[in-house]
Protein chains: 2
Amino acid sequence: MKKNLLVAQSGGPTAAINATLAGVIRKATECSEIDKVYGACNGIQGVLEEKLVDLTEKVNTPEKLDLLSRTPAAALGSCRFKLKDIHEDDSQYQQIVDIFHKHNIGYFIYIGGNDSMDTVAKLSGYCKSHGVADIQVIGGPKTIDNDLCGIDHCPGFGSAAKYIATVFSELEREITVYEAKNVIIVEMMGRNAGWLTAAAALAQGRNGSVPYLIYLEESPFSMERFVKDIKDRLEEHDAVLVAVSEGAHDETGQFICEQGQGAKELDVFGHNKLSGTGKVLEEVVKEQIGCKVRSIELNLLQRCASHIMSRTDIEESGKLGENAVALAVAGESGKMSTLTRVSDEPYEVSYSGVDISQVANLEKKIPASWINEEGNGVTEELIAYLKPLVQGEISSVYEDGIPKYLLLK
Amino acid sequence: MKKNLLVAQSGGPTAAINATLAGVIRKATECSEIDKVYGACNGIQGVLEEKLVDLTEKVNTPEKLDLLSRTPAAALGSCRFKLKDIHEDDSQYQQIVDIFHKHNIGYFIYIGGNDSMDTVAKLSGYCKSHGVADIQVIGGPKTIDNDLCGIDHCPGFGSAAKYIATVFSELEREITVYEAKNVIIVEMMGRNAGWLTAAAALAQGRNGSVPYLIYLEESPFSMERFVKDIKDRLEEHDAVLVAVSEGAHDETGQFICEQGQGAKELDVFGHNKLSGTGKVLEEVVKEQIGCKVRSIELNLLQRCASHIMSRTDIEESGKLGENAVALAVAGESGKMSTLTRVSDEPYEVSYSGVDISQVANLEKKIPASWINEEGNGVTEELIAYLKPLVQGEISSVYEDGIPKYLLLK
């Protein structure tokens, strides 16, 4: 008997999470084992609330599948919802199983980051320990942070990296326009891993000779060295570009955004507040060097800039979705669809499944050997790792000059 | 006898200023009246310092011309340099004329905004009053702010507007992902005119039904009404997108970024400092409404985002450059190359010259009749004005996944 497939999305938006969703729908509609494809709105929370949409109906042409691939953020909506500890209260798990049985769902694909893989681990674990053999639970990876274990790199990261490198290319042209000492500081997302910040390195030396300073949270930040780094570069150059992670911190673990008498900073109502990391560094340059300086926080712009995506990222994201369905149909459960890098040049990857225990609640950081000795730049190995991920372009579909997306809920 | 042409760029970078430069080079190399095309580095300052580059040599293929069109910021460099008052000291003007004669320069094209048109006015005025008949001085318009008079719209503005509308399209997908009351505030450039902020309206209603609130500096800002506007929208919707100009100010003329006890805000060294307008509004929403809120400052990103340009803007920018050369060769001086809108649908423009006195040191603001009564949105007339300017796409040239530009100095 044919079963239905349910797919949901979770965690923070990316430019690629809908490409994975499109891959799931594409593959599922081809599988003779699968009847209908349902989507749950707002992740596992929507599953519990039975907020299901019929994707077989909603995404019923190749054009719509393609448009979905180019739509930013999570078309099914997302949630930040953690299932209860299975040892304390397993009623939610049974509730989900009951809902699955009610809708004849035999395959569940959950697309998300670390937290979502925790949900996959718990739910598949519950099914196994309770003899529920007719539900296969598979994770689809996703996070711009690139910090998932068990996978060479994460869907969504390549597009964000391409966006960041592109922004640095443009800012390098911008900063060389005037003849004056000038510093631009750009703050990237990534509380615990510096992958996004490292992507700035892809632009260095490509369109000029402006020195880049790259500070990752994997290497302790020293304000004294930062000031010296800038001063040294300004001796020989007019301009310096700085890339810094929001999570940059000193040796004691204190975040930069909490430093520099940050506690004295008041918001408009007189309350204490934290500046952004870039803002703190801007003030330091202003005060201690005195040259022209500006800080830019890439903020939400970096995570769903679908107008400049990496074709490699979007294609791989789609294939990881297809592979997730293939794993589920093959009877696997408690695994995450993954890719392994076979070679850098020519760039080649292979697709498989990795046990979810090797992914859930773990974090992958940049290896210390990929950061330079001075802690202000990256090595050739890191660039070689990043380079294939930003290859090729794919942009939004424009209608009357404005991007057009596929809306599912 | 053939004469040489000199071109220079001035003012803030845009995505389109090099397309105008490319247009100047293209037309000049076709003109039988013109021998060599020189570029002055860093605007009029570079003219005074005789920092000239031979563009006939540097940009000698159609491919290079095309690459120059897609290169952001000012490839020749820019300056913020005002010539001295001609009545107090005219030595700089005679110096420039001498340099022009020395290099057999008969045509000078100066590409820039209001200040640069002031230079064109003064220099052409000097030539006329001093009987220098062999030097034609023509202005090439440029500014993302769209505040030049004597022209329907400014080169560079269409691309910035398209970038802003695209960002709003993406943020609208982003803000609808979670099920929670959510406000995103985006701050655009434009100290004295709200054109860039108004461009957000192009995205509204195109990919969803999130309400937009648009506050332009042409309409006095009331904090009380702002809070009410947000509260009203959140009653019926989960999400609100706010577009605000950096120069938004209240009825007394006080900037929002100076309000809300802003004076109490201290930087990391304990000095008073101004928050951004968006940041101030973010704090107000946090305090008075208490929902999820985030502010984003588009900052430098909006002025040279050449990875997403308006084809209409880039093509018109090129033609305005060509037209500037045609005007100069026809013996005109003290004019700005301009375009007039012939019709909206089909969109059509015509090119001509406008007397520089109608442009220099003037500012074009959004007409009051194009702002809605509540002062929190724009009218259909404004959208009809903006719409043709963002039509068509043209992106960077990518090499190995990263944008590639043409460098001239």
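In case you missed it, the structure is sitting above this.
Chemist: Just to check I follow, could you spell out the pattern of salt bridges for this structure?
Modeler: Where side chains of opposite charge bring their charged atoms close, a pairing between them can arise. All told, the structure shown has 50 salt bridges over all chains when counted by the stated rule. Between Lys-82 of chain A and Asp-115 of chain A there is a salt bridge, and its shortest N-O distance comes to 3.9 Å. Here the residue Lys-82 of chain A occupies a position in the loop between helix 4 (62-69) and helix 5 (91-102), and Asp-115 of chain A occupies one in helix 6 (residues 114-129), the gap between them amounting to 33 residues. Taking the relative accessible area as the measure of exposure, Lys-82 of chain A reaches 47% and is therefore partly exposed. Among the ionic pairs, Arg-303 of chain B bridges to Glu-174 of chain A, the shortest N-O distance being 2.3 Å. Here Arg-303 of chain B, found in the loop between strand 9 (292-297) and strand 10 (309-310), pairs with Glu-174 of chain A, found in helix 7 (residues 157-175), and the two come from separate chains. A relative accessible area of 12% means that Arg-303 of chain B is categorised as buried. Given a relative accessible area of 5%, Glu-174 of chain A falls into the buried group. The network of salt bridges with shared partners includes Lys-82, Asp-115, Asp-118 and Lys-122 of chain A.

Chemist: Would you mind showing me how to read the packing of aromatic side chains here?
Modeler: Two numbers describe a pair of aromatic rings. These are the distance of the centres and the angle of the planes. Per the stated rule, a full pass over the model turns up 20 aromatic pairs over all chains. Ring geometry for Phe-168 of chain A versus Tyr-212 of chain A: centroids 5.7 Å apart, planes at 35 degrees, classification tilted. In this pair, Phe-168 of chain A sits in helix 7 while Tyr-212 of chain A sits in strand 7 (residues 212-215), placing the two residues 44 residues apart along the sequence. Aromatic side chains Phe-100 of chain B and Phe-108 of chain B sit 5.2 Å apart centroid to centroid with 50 degrees between the ring planes, which places their arrangement in the tilted category. Overall, Phe-100 of chain B belongs to the buried group, its relative accessible area being 1%. By relative accessible area, Phe-108 of chain B is classed as buried at 1%. An aromatic cluster is defined as three or more aromatic residues linked by ring pairs; in this entry it consists of Phe-100, Phe-108 and Tyr-110 of chain A.

Chemist: So what exactly am I meant to see when it comes to helix 9 (residues 223-236) of chain A here?
Modeler: Because each turn of an α-helix spans 3.6 residues, side chains separated by three or four positions in sequence point in the same direction. All names here are of chain A. With 14 residues, helix 9 extends 21 Å between its outermost C-alpha atoms, agreeing within 8% with the 20 Å of an ideal straight helix rising 1.5 Å per residue. Among the residues of helix 9, those classed as buried are Met-223, Phe-226, Val-227, Asp-229, Ile-230 and Leu-234. The buried residues of helix 9 occupy one face: seen down the axis, they fall within an arc of 155 degrees. The exposed set on the far side of helix 9, more than 90 degrees from its buried face, consists of Glu-224, Glu-235 and Glu-236.

Chemist: Looking at this structure, I do not really get the interface of chain A and chain B. What am I missing?
Modeler: How big an interface is tends to be stated in terms of accessible area lost as the parts join. Across the contact, 79 residues belong to chain A and 79 residues belong to chain B. Note on chain A versus chain B: buried area summed over both sides is about 6700 Å², and carbon and sulfur give 55% of it. At the surface where chain A touches chain B, the tally comes to six salt bridges. Across the salt bridge formed by Asp-400 of chain A and Lys-387 of chain B, the nearest N and O atoms sit 3.4 Å from each other. At the surface where chain A touches chain B, the tally comes to 35 residue pairs in polar contact (both at pLDDT 80 or more). The set of elements that each furnish at least two residues to the side of chain A that touches chain B consists of helix 7, helix 10 (277-288), strand 9 (292-297), strand 14 (397-399) and strand 15 (402-404) of chain A.

Cut-off values and rules
Residues numbered from 1 in each chain as written. Chains lettered and ligands numbered in written order. Predicted model: local features only at pLDDT ≥ 70, side-chain atom pairs only at ≥ 80, totals over all residues. Heavy atoms only, no water. Salt bridge = Lys/Arg side-chain N within 4 Å of Asp/Glu carboxyl O. Helix = DSSP H or I, 4+ residues; strand = E, 2+ residues; numbered from the N terminus. Buried < 20%, exposed > 50% of the residue type's maximum accessible area, 1.4 Å probe, protein only. Phe/Tyr/Trp six-rings, centres within 6.5 Å; stacked < 30°, edge-to-face > 60°. Expected span 1.5 Å × (residues − 1). Arc of directions from axis to C-beta. Contact = heavy atoms within 4.5 Å. Buried area = accessible area lost by both parts, 1.4 Å probe. Polar contact = N/O pair within 3.5 Å; in protein donor to acceptor, adjacent residues only side chain to side chain.

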